[in-house]
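Observations on the three-dimensional arrangement
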Amino acid sequence: MNWDWSTLGDFLPLFGHGVLVTLQALVLGALIAFALGLVWALAQRSPLKVVRWPVTAVTEFVRNTPLLVQLFFIFYVLPEWGLTLSALATGVIGLGLHYSTYTAEVYRAGIDGVPAGQWEAATALSLPRSRTWAAVILPQALRRVTPALGNYVIAMLKDSPMLMTIGVLEMLGQARQFGSRTFQMNEPIVVVGIAFVLIAYPASLLLRALERRLAR
Amino acid sequence: MPADAEPSIPKTAATTSTVDSPAGGPGGPGSRELIRLEQVTKRFGDHTVLDRLDFSVDTGKHVTLIGPSGSGKTTILRLLMTLTKPDEGTITVDGERLFPAPEQQCREVRKKIGMVFQQFNLFPNMTVLRNITEAPVTVLGLSRDEAEDRARELLDLVGLADKCDVRPTQLSGGQQQRVAIARALAMRPQVLLLDEVTSALDPELVAGVLDLLRDIARSTDITMLCVTHEMNFARDISDQVLMFDSGRVIESGPPEKLFGDPDHERTREFLSAVL
Ligand SMILES: Nc1ncnc2c1ncn2[C@@H]1O[C@H](COP(=O)(O)OP(=O)(O)O)[C@@H](O)[C@H]1O
Ligand SMILES: [Mg+2]
């Protein structure tokens, strides 16, 4: 394999931009996924069918269509209806929305995992429903699901190169652009690959440690 | 309909028992009916757990429910705590309907009732102190300081004054159950429901919790409705013991009578099995 250290030097500044964009998409996308997923999970426990039913429909639909199709839809189709978003905003919303349907399932399992006795104790103390959720159920549910949520952040990281297809210059986008300009693909691709490992592997170690701590 | 203005409910030997006070029963001087179940039926699917049950408990009395497992004792406490709803009948607490009643009214009536569970059900995400102050602050509107003062007094009463800041999971079962008792008392309920509160405890921890409850029974005027398999404890604290079988009260009376000279063969069998 051809390897040219000076090519690498040329790529690094661009790569730096790419890393920032990847992290930005990841952090913002994860925040959306965490928040929206919780909204879905709570809505699916609503006593009202008119709330539950549409939420189930939307989340099933989003979970069962490819992220790439959703990104294209937001980027190319929504503007026809007057909603134009930047490539990065599209990527953040697409990632966040797509993964919110997975985090919703995680939250649901976490909420279901809180023993019925906790609800009963809250009732016996006359705690209002909203307070029971906020002070008793969610804190316990969230603690249980933190590791699972973390796993989805790592999955989001690995899906983030899809944003390249709508023109977001995240790490891989930078590498491809650099490669098509200089015809030097080896160095950028290897760097990007290593970067993914360097972010994802420590993150998963951290999660495993967290999981062990929370299990205690 | 105010409970104390009511004539005594129709009695059938098998289903009715009224906890008579020494002063002469409901409406008599110095006694007031606090809890009344009338013709309460509860089914789970095809299985009728409580069958047109009638019974009442007077203010300040300590009533114990005994009977074989599966006879519906827990179900009665859960109905009173509104953790489950009857299929038929009426439940009245302190003159106010608990069932059937609009949710708003249930909420008010529920505040008069406290419950301690077999499995403690403390909130593991809160410190011991927070477990006790949470409801007084959010439900009764006490200030945090007031609630904490009250909580510390109660922790002192249950012998855990030094455990304010630990998490429930760091406590033994017996200690957790004492915290649960303190938590229930912090709401100053009129009635305390106790569902086999020592049956999940290691044997050496049972006595401490029972002694605490004896203490509370002796030193407060709280009404107690208690499900237990601890017959000595039942004998000590009860004004009245109700023997349950298959969702019906088959016999009731003061503990001396029920434990000493029961009328029913079924009661005798049960007592010889547990004693
Ligand atoms: N949630 C439930 N669903 C179905 N059956 C139940 C439920 N709760 C209690 N039961 C049934 O009701 C009967 C009485 O239960 P319970 O009140 O717990 O009895 P006890 O406390 O006297 O042991 C039992 O046969 C039990 O299986
Ligand atoms: Mg029971």
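Coordinates for the structure precede this section.
The following paragraphs examine the structure supplied in this document. Here the residue numbers are simple positions, counted from 1 along each chain's written sequence. Chain A is the first chain written and ligand 1 is the first ligand written, with later ones labelled in order. Side-chain atom pairs in this predicted model are given and counted only at pLDDT of 80 or more, local residue features only at pLDDT of at least 70, and totals for whole chains, interfaces and linings cover all residues. Side-chain descriptors were evaluated using all non-hydrogen atoms of the structure, hydrogens and water having been removed beforehand.

Re the interface of chain A and chain B
By definition, residues are in contact when any of their heavy atoms lie within 4.5 Å. Between chain A and chain B, the contact holds 16 residues from the first and 23 residues from the second. Buried surface area refers to the total accessible area, computed with a probe of radius 1.4 Å, that the two partners give up upon joining, counted for both partners together. The contact between chain A and chain B buries some 1500 Å² in all, and 63% of this surface belongs to carbon and sulfur atoms. Just to be clear on terms, a salt bridge is a Lys or Arg side-chain nitrogen sitting within 4 Å of an Asp or Glu carboxyl oxygen. The tally of links from chain A across to chain B stands at two salt bridges. The salt bridge partner of Glu134(B) is Arg131(A), with a shortest N-O separation of 2.6 Å.

As for the packing of aromatic side chains
A pair of Phe, Tyr and Trp rings is counted when the ring centres sit within 6.5 Å of each other, with Trp represented by its six-membered ring. The angle between the planes then sorts it: under 30 degrees is stacked, over 60 is edge-to-face, the rest tilted. On inspection of all chains with the given rule, the structure shows ten aromatic pairs over all chains. Each ring, one from Phe11(A) and one from Phe178(A), has its centre 5.2 Å from the other, and the planes form 55 degrees; the classification is tilted. You can see Phe11(A) sitting in helix 1 (residues 5-43) and its partner Phe178(A) sitting in helix 7 (residues 171-182), a full 167 residues away along the chain. Both residues of the pair, Phe11(A) and Phe178(A), belong to the buried class. Judged by centre distance (5.5 Å) and plane angle (80 degrees), the ring pair of Phe72(A) and Tyr76(A) falls under edge-to-face. One end of the pair, Phe72(A), and the other, Tyr76(A), are both in helix 3 (residues 67-77), four residues apart, so they sit about a helical turn from each other. In this structure an aromatic cluster arises from ring pairing among Phe11(A), Phe15(A) and Phe178(A). In this structure, Arg183(B) is placed above the aromatic ring of Phe123(B), and the distance from its NZ or CZ to the ring centre is 4.6 Å. Where helices and strands are cited, they refer to DSSP runs of H or I of at least four residues and of E of at least two residues respectively, numbered from the N terminus. Think of it in three bands: with a 1.4 Å probe and only protein chains considered, a residue is buried below 20% of the maximum accessible area for its type, exposed above 50%, and partly exposed in between. A positively charged side chain is recorded as over a ring if its NZ (Lys) or CZ (Arg) lies within 6 Å of the ring centre. The angle to the ring normal must also be within 35 degrees.

Side note on the pattern of salt bridges
Following the criterion strictly, the structure yields 28 salt bridges over all chains and no others. Linking Glu269(B) and Arg266(B) is a salt bridge whose minimum nitrogen-to-oxygen distance equals 3.2 Å. Of this pair, Glu269(B) and Arg266(B) both sit in helix 9 (residues 265-274), separated by three residues, roughly a single helical turn. Relative accessible area serves as the criterion here: at 30%, Arg266(B) is assigned to the partly exposed category. Ionic contacts of the salt-bridge type, sharing partners, join the residues Arg45(A), Glu60(A), Arg63(A), Glu105(A), Arg108(A) and Asp112(A) into one network.

A look at unusual backbone geometry
Residue and element names in this part refer to chain B. Between Phe99 and the following residue, Pro100, the backbone shows a cis peptide bond with an omega angle of -10 degrees. Relative to the helices and strands, Pro100 resides in the loop between strand 6 (96-99) and helix 2 (103-110). In this model, Arg52 sits at a positive phi of 45 degrees, which is unusual for a non-glycine residue. Within the secondary structure layout, Arg52 lies in strand 3 (residues 47-58). The phi angle at Ser246 is positive, at roughly 50 degrees, despite the residue not being glycine. For Ser246, the position within the fold is in the loop between strand 10 (240-245) and strand 11 (248-253). The class of Ser246 is exposed, set by a relative accessible area of 55%.

A look at the site of ligand 1
All names here are of chain B. Lining the immediate environment of ligand 1, one finds Phe44, His47, Val49, Pro68, Ser69, Gly70, Ser71, Gly72, Lys73, Thr74 and Thr75. Contacts to ligand 1 include Gly70, whose backbone N or O atom sits 2.6 Å from an oxygen atom. Pairs of N or O atoms are called polar contacts if they sit within 3.5 Å, as long as, within protein, a hydrogen donor faces a hydrogen acceptor (for residues adjacent in sequence, only side-chain-to-side-chain pairs). Residue Lys73 places a side-chain N or O atom 2.8 Å away from an oxygen atom belonging to ligand 1. The protein chains shown are the only cover counted for residues, whose accessible areas, like all others here, come from Shrake-Rupley with a 1.4 Å probe. Protein chains bury 59% of the 560 Å² of accessible surface belonging to ligand 1 in isolation. Of all the secondary-structure elements, those providing two or more residues to the shell around ligand 1 are strand 3 and helix 1 (73-80). In terms of residues, the shell around ligand 1 owes the most to one element, helix 1, which gives three residues. Residues are sorted three ways: Asp, Glu, Lys and Arg are charged, Ala, Val, Leu, Ile, Met, Phe, Trp, Tyr, Cys and Pro are nonpolar, and all the rest, Gly among them, are polar. Of the residues contributing to the shell around ligand 1, the split by class is three nonpolar, seven polar and one charged. What makes a residue near a molecule or strand is one non-hydrogen atom of that residue sitting within 4 Å of it.

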